[in-house]
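Coordinate analysis (summary)
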Amino acid sequence: MSPTSLHLVAHAHTVALRRAVFGGDDGLDRAGLAAARALAHTGSGRRGPFGRVDACLSTPAEAGRQTGYALGLRPTAVPALADCDYGRWTGLSLAEVAAREPDALRDWLGTPGAAPHGGESVRALLDRVDGWLAGELGRGERIVAVTHPVVVRAALVRALRLPADTFWRLEVAPLAVVRLTGRGPGWQLRLTAPPAAGVGAEPE
């Protein structure tokens, strides 16, 4: 069977993302939508930045679905790709939580198993994403998964078997693209350079 190619794409900017708000389900802002459409026209050939795509998956959130469509794909919502459940912090900005519950925020940022907001701990998020990765490993297809930056971060931690406390040391920007290749029992991180003058394009 062919290896599984998994492109993880962080959805484009939303107003909430720019304001560092926890959770929510707002759509892309104007600049985010334009940036996603621009990304669709990068890469070599007419198939965009991902080459052939067998399946496009996305978070159920509006921002993920809109990003997928802006990339010229037809996303299917997958609950496992949903944003972290931030409990009572949903809709609040990081600054607001820091002012109201500084000890709870410090606990959440420093302890992977802590969920002081009543929602999902970082460890629970990591385990959820790990289960999803395990299910995709043997598909043997070329998959694009559009999700939240925090979920891309979780996927990298679990795919590379990093300690849970490295979660906060990874930064994932809107529209960041990470490619994982499923070979044998696990995933490999694949870093590629853009092709120069049509040379070195990835095989489809």
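Our subject is the structure listed above.
Residues numbered from 1 in each chain as written. Predicted model: local features only at pLDDT ≥ 70, side-chain atom pairs only at ≥ 80, totals over all residues. Heavy atoms only, no water.

Digging into the nonpolar core
- Membership of the largest hydrophobic core comes to 38 residues, with the highest contact counts inside it found for Leu-6, Leu-8, Trp-132 and Leu-133.
- Taken together, the elements giving at least two residues each to this core come down to β1 (4–10), α5 (102–110), α6 (122–136), β4 (142–147), α7 (149–159) and β5 (177–183).
- For this core, the element with the highest residue contribution is α7, accounting for 8 residues.
- The contacts of Leu-133, once residues within four sequence positions are left out, are Leu-6, Ala-155, Arg-158, Ala-159, Leu-180 and Trp-187.
- With 15 residues, the next largest nonpolar core counts Leu-39, Cys-56, Ala-63 and Leu-71 among its residues. (Core = buried A, V, L, I, M, F, W, Y, C linked by side-chain atoms within 4.5 Å. Buried < 20%, exposed > 50% of the residue type's maximum accessible area, 1.4 Å probe, protein only. Helix = DSSP H or I, 4+ residues; strand = E, 2+ residues; numbered from the N terminus. Contact = heavy atoms within 4.5 Å.)

So, the pattern of salt bridges
- Tallied over the full model, the rule gives 10 salt bridges.
- The salt bridge partner of Asp-29 is Arg-18, with a shortest N-O separation of 2.5 Å. Linking Asp-29 in the loop between α1 (15–18) and α2 (30–40) with Arg-18 in helix α1, this pair joins segments that are 11 residues apart in sequence.
- On the basis of relative accessibility, which here comes to 14%, the residue Asp-29 falls in the buried class.
- Relative accessible area serves as the criterion here: at 47%, Arg-18 is assigned to the partly exposed category.
- The partner of Arg-88 in a salt bridge is Glu-101, with the nearest N and O atoms 2.7 Å apart. (Salt bridge = Lys/Arg side-chain N within 4 Å of Asp/Glu carboxyl O.)

What about the packing of α6 against α7?
- Interhelical geometry of α6 versus α7 gives an angle of 70° and a closest axis separation of 9 Å. The orientation of α6 relative to α7 falls into the category roughly perpendicular. Residues Arg-123, Leu-125, Leu-126, Asp-127, Val-129, Asp-130 and Leu-133 of α6 touch α7, and the partners they reach there are Val-150, Val-151, Ala-154, Ala-155, Val-157, Arg-158 and Ala-159.
- When the residues that make up the contact of α6 with α7 are grouped by side-chain class, the tally is 10 nonpolar, no polar and 4 charged. (Axes fitted to C-alpha atoms, helices over the stretch in contact; angles between N-to-C directions. Parallel < 35°, antiparallel > 145°, perpendicular 65-115°, else oblique. Nonpolar A, V, L, I, M, F, W, Y, C, P; charged D, E, K, R; others polar.)

A closer look at a nonpolar patch on the surface
- Taken together, the side chains of Leu-160, Leu-162, Leu-189 and Leu-191 make up a nonpolar region of the molecular surface, amounting to roughly 340 Å² of accessible area.
- Topologically, Leu-160 is positioned in the loop between α7 and β5.
- Residue classification places Leu-160 among the partly exposed residues on the basis of a relative accessible area of 33%. (Patch = residues over 30% accessible without salt bridge, like charges linked within 9 Å, V, L, I, M, F, W, Y side chains within 5 Å. Areas by Shrake-Rupley, 256 points an atom, 1.4 Å probe, with all protein chains shown as cover.)

Here's the deal with the packing of aromatic side chains
- Considering all chains together, one arrives at 7 aromatic pairs under this definition.
- When the centroid spacing of 5.7 Å and the interplanar angle of 70° are considered together, the rings of Phe-22 and Trp-108 count as edge-to-face. With Phe-22 in the loop between α1 and α2 and Trp-108 in helix α5, this pair connects stretches of sequence that are 86 residues apart.
- Phe-22 gets classed as buried once you look at its relative accessible area, which sits at 8%.
- Here Trp-108 falls in the buried class, since its relative accessible area comes to 5%.
- With centroids separated by 6.0 Å and ring planes inclined at 80°, the aromatic side chains of Tyr-86 and Trp-108 adopt a geometry described as edge-to-face. A residue pair is termed long-range when its members are at least 10 positions apart, and Tyr-86 in the loop between β3 (76–77) and α4 (94–100) and Trp-108 in helix α5 qualify at 22 residues. (Phe/Tyr/Trp six-rings, centres within 6.5 Å; stacked < 30°, edge-to-face > 60°.)

Some details on the environment of Arg-18
- Taking the C-alpha atoms as reference, Arg-18 lies 28 Å from Ile-143; in sequence the two are 125 residues apart.
- Ignoring anything within four residues of it in the chain, the contact list for Arg-18 reads His-13, Asp-29, Ala-31 and Gly-32.
- A polar atom in the side chain of Arg-18 sits 2.5 Å from the side chain of Asp-29. (Polar contact = N/O pair within 3.5 Å; in protein donor to acceptor, adjacent residues only side chain to side chain.)

Points about the environment of Arg-142
- Of note, Arg-142 is situated in strand β4.
- Overall, the relative accessible area of 11% leaves Arg-142 in the buried class.
- Note: C-alpha distance between Arg-142 and Thr-4 (138 residues apart in sequence) is 6.0 Å.

Some remarks on unusual backbone geometry
- Even without glycine at this site, Ala-20 takes up a positive phi of about 55°.
- Its location among the elements puts Ala-20 in the loop between α1 and α2.
- Looking at Ala-20, the relative accessible area reads 39%, which means it is partly exposed.
- Unusually for a residue other than glycine, Arg-161 sits at a positive phi of about 55°.
- If you trace the backbone, Arg-161 turns up in the loop between α7 and β5.

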